[in-house]
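# Remarks on the overall topology
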Amino acid sequence: MKESNETETAIEHKKAGSSTFILSAERREKLINLASDLIRLPSENPPGREVLVEQYLIQYCEKNNLHVERVPVTSNRANLIITLPGAKENDPLAFTGHMDVVPVSSDERSRWETDPYDPVVQDDRLIGRGAADMKGGLACVLFAMSEYARSSISPSRTVHFLVTCDEEDAMHGSRALLEHPLMNKLSDLVVCEPTGMTLCRSSRGRTFGELVIRGKTAHGSRPGVGVNAIDIAADIIRSLRTLNVDVSHPTSYWQPLSIHAGVEPDIIPDVCRLRLDCRIMPTSSCDHEIARLKRMLDEVERVHHVKTEFSVEDKREPWTTASNNRLVLRIHSLGAFYETTFSGSTDANVLREAGLTPVIIGPGDLSDVHRENESVLLEDLESAFSLYKSLMR
């Protein structure tokens, strides 16, 4: 299918490791403005304020001739499925991105050089909460879809944009989509999370839960009496390092993310609760890593004569997409993209359960997210927009 003139002028040249796309000043400004509008909406999760973005996107779609379906998840939270009809309906292409952002704590806010929800462009970067994770990615897909929708040129395949809630927490949004009948029609999935425009055809998985350690109380003035659950927790944290082997090399690893204990100031605590998190390499699995943890806990119980209980709260399996997959080959045909494994987990870890085959590629870098002065390169926004629009061709 012949491509529109707008798409032809989008790709100026390529460079090793990425693709550089040059947009006209007018189109570049529209893209930045769209991303900035989304950043201004403080869709923090928790508590889950995605409705701010949801309402904006619905209005944007109505103005730009895009069909949008609201898929309720809870009483006040929903996913959106935005659709652009193409020449072929029976082999659609899917993109996905999430509406929520992590909260800005008071301590973090004090380290920001700007207001996190008042985006600014500085040194060729767009700065603001969600600029990289992932209001920038949302804007790139939406702008590409809207350019097709406003033109007389149809994409070769119908495009569905799966816009989710709750990705930054329990992923209830993507789990709700598993029950949607559209999932049976989808195969190729582009995840627009921040990768610095590096192609990720594999991703770590994640499992996490609560570990309860049960010791024995005693009066705090009697050392050696009772079993201090905090002491046992300290031994367990040290033992986690033996499970991780050498985290300087790619490996699965366990880590504590929170700890709670204590009865009264003068009582040796008999219960300690740890939140444990494991990031899982594509060569492993959730069950394998949980089994390794439980063997270590069995040894702790034997040595210290205590009880431990680990409750798994979620399993997000790692994944790998084949190098000869048609979506991987199509992306490489559009630029000399480097490849790596995505270190976090995304909605793709869930959506794969419906049979979708994902890749991850998007604007921004993980080193800039979930922290002060989050930002995205304007060049990344242009590159992502042009790549996504070319994939819709």
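Residues numbered from 1 in each chain as written. Predicted model: local features only at pLDDT ≥ 70, side-chain atom pairs only at ≥ 80, totals over all residues. Heavy atoms only, no water.

## Digging into the overall build of the protein chain
- The secondary structure content of the protein chain amounts to 11 helices and 18 strands.
- Here the C-alpha atoms of the protein chain give a radius of gyration of 23 Å, agreeing with the 21 Å that 2.2 N^0.38 yields for 393 residues.
- Projected onto its principal axes, the C-alpha coordinates of the protein chain cover approximately 80 × 45 × 40 Å.
- Taken over 393 residues, the protein chain has a buried fraction of 53%.
- The contacts of the protein chain with a sequence gap of at least 6 include a subset with a gap of at least 24, amounting to 80%.
- Between the averaged position of the 45 positive side-chain charges in the protein chain and that of its 58 negative side-chain charges there is a distance of 3 Å. (Helix = DSSP H or I, 4+ residues; strand = E, 2+ residues; numbered from the N terminus. Rg over C-alpha atoms; globule rule 2.2 N^0.38 Å. Buried < 20%, exposed > 50% of the residue type's maximum accessible area, 1.4 Å probe, protein only. Contact = heavy atoms within 4.5 Å. Lys, Arg positive; Asp, Glu negative; His and termini not counted. Charge placed at Lys NZ, Arg CZ, Asp CG, Glu CD.)

## Quick look at the sheet that holds strand β6 (residues 120-122)
- Judged by pairing direction, the sheet is antiparallel, and its three strands sit side by side in the order β6-β7-β18 without closing on themselves. Either end of the sheet is taken by a strand with one partner, and the two such strands are β6 and β18 (375-377). Pairs of neighbouring strands in the sheet enclose a mean axial angle of 25°, with direction left out of account. (Pairing = 2+ DSSP bridges. Axes fitted to C-alpha atoms, helices over the stretch in contact; angles between N-to-C directions.)

## Topic: the packing of helix α2 (residues 25-39) against helix α5 (residues 131-150)
- Interhelical geometry of α2 versus α5 gives an angle of 130° and a closest axis separation of 9 Å. Put simply, α2 runs oblique to α5. Two packed elements cross with a definite hand, and for α2 against α5 that hand is right-handed. Contacts between α2 and α5 involve Arg27, Lys30, Leu31, Leu34, Ala35, Leu38 and Ile39 on the former and, on the latter, Ala131, Lys135, Gly136, Leu138, Ala139, Cys140, Leu142, Phe143 and Glu147.
- A class-by-class count of the residues in the contact of α2 with α5 yields 11 nonpolar, one polar and four charged. (Parallel < 35°, antiparallel > 145°, perpendicular 65-115°, else oblique. Left-handed = near helix turned anticlockwise from the far one by under 90°. Nonpolar A, V, L, I, M, F, W, Y, C, P; charged D, E, K, R; others polar.)

## So, the state of the cysteines
- One pass over the structure, following the stated rule, counts zero disulfides.
- The thiol of Cys165 is unpaired, and the distance to the nearest cysteine sulfur, on Cys61, comes to 16 Å.
- Cys272 takes part in no disulfide bond, and the closest cysteine sulfur, belonging to Cys278, lies 19 Å away. (Disulfide = S-S within 2.5 Å.)

## A word on the side chain of His98
- Tracing the backbone through its elements, the reader meets His98 in strand β5 (residues 88-98).
- A residue is classified by how much of its surface remains accessible, and His98, at 1% relative accessible area, is buried.
- Polar contacts involving the side chain of His98 include one to the side chain of Asp133, which spans 3.1 Å.
- Polar side-chain contacts of His98 include one of 3.3 Å to the side chain of Glu193. (Polar contact = N/O pair within 3.5 Å; in protein donor to acceptor, adjacent residues only side chain to side chain.)

## So, the pattern of salt bridges
- A complete count under the given rule lists 33 salt bridges for this structure.
- Here Arg201 and Glu339 are joined by a salt bridge, their closest N and O atoms 2.7 Å apart. Of this pair, Arg201 sits in strand β10 (residues 199-203) while Glu339 sits in strand β16 (residues 339-342), and the two are 138 residues apart along the sequence.
- Between Asp287 and Lys315 there is a salt bridge, with the nearest N and O atoms lying 2.6 Å from each other. One end of the pair, Asp287, is in helix α8 (residues 286-304); the other, Lys315, is in strand β14 (residues 307-316), with 28 residues separating them in the sequence. (Salt bridge = Lys/Arg side-chain N within 4 Å of Asp/Glu carboxyl O.)

## Considering the environment of Ser386
- By the element assignment, Ser386 lies in helix α11 (residues 378-391).
- With a relative accessible area of 1%, Ser386 lands in the buried category.
- In sequence terms Ser386 and Pro269 are 117 residues apart; their C-alpha atoms lie 58 Å from each other.

## Overview of the sheet that holds β14
- With antiparallel pairing, four strands are arranged side by side in an open sheet as β12-β13-β11-β14. Two strands close off the open sheet at either side, each with one partner strand: β12 (253-261) and β14. Taken pair by pair, the neighbouring strands of this sheet meet at an average axis angle of 20°, ignoring direction.
- Pairing geometry for β12 and strand β13 (residues 271-280), over eight bridges, is antiparallel.

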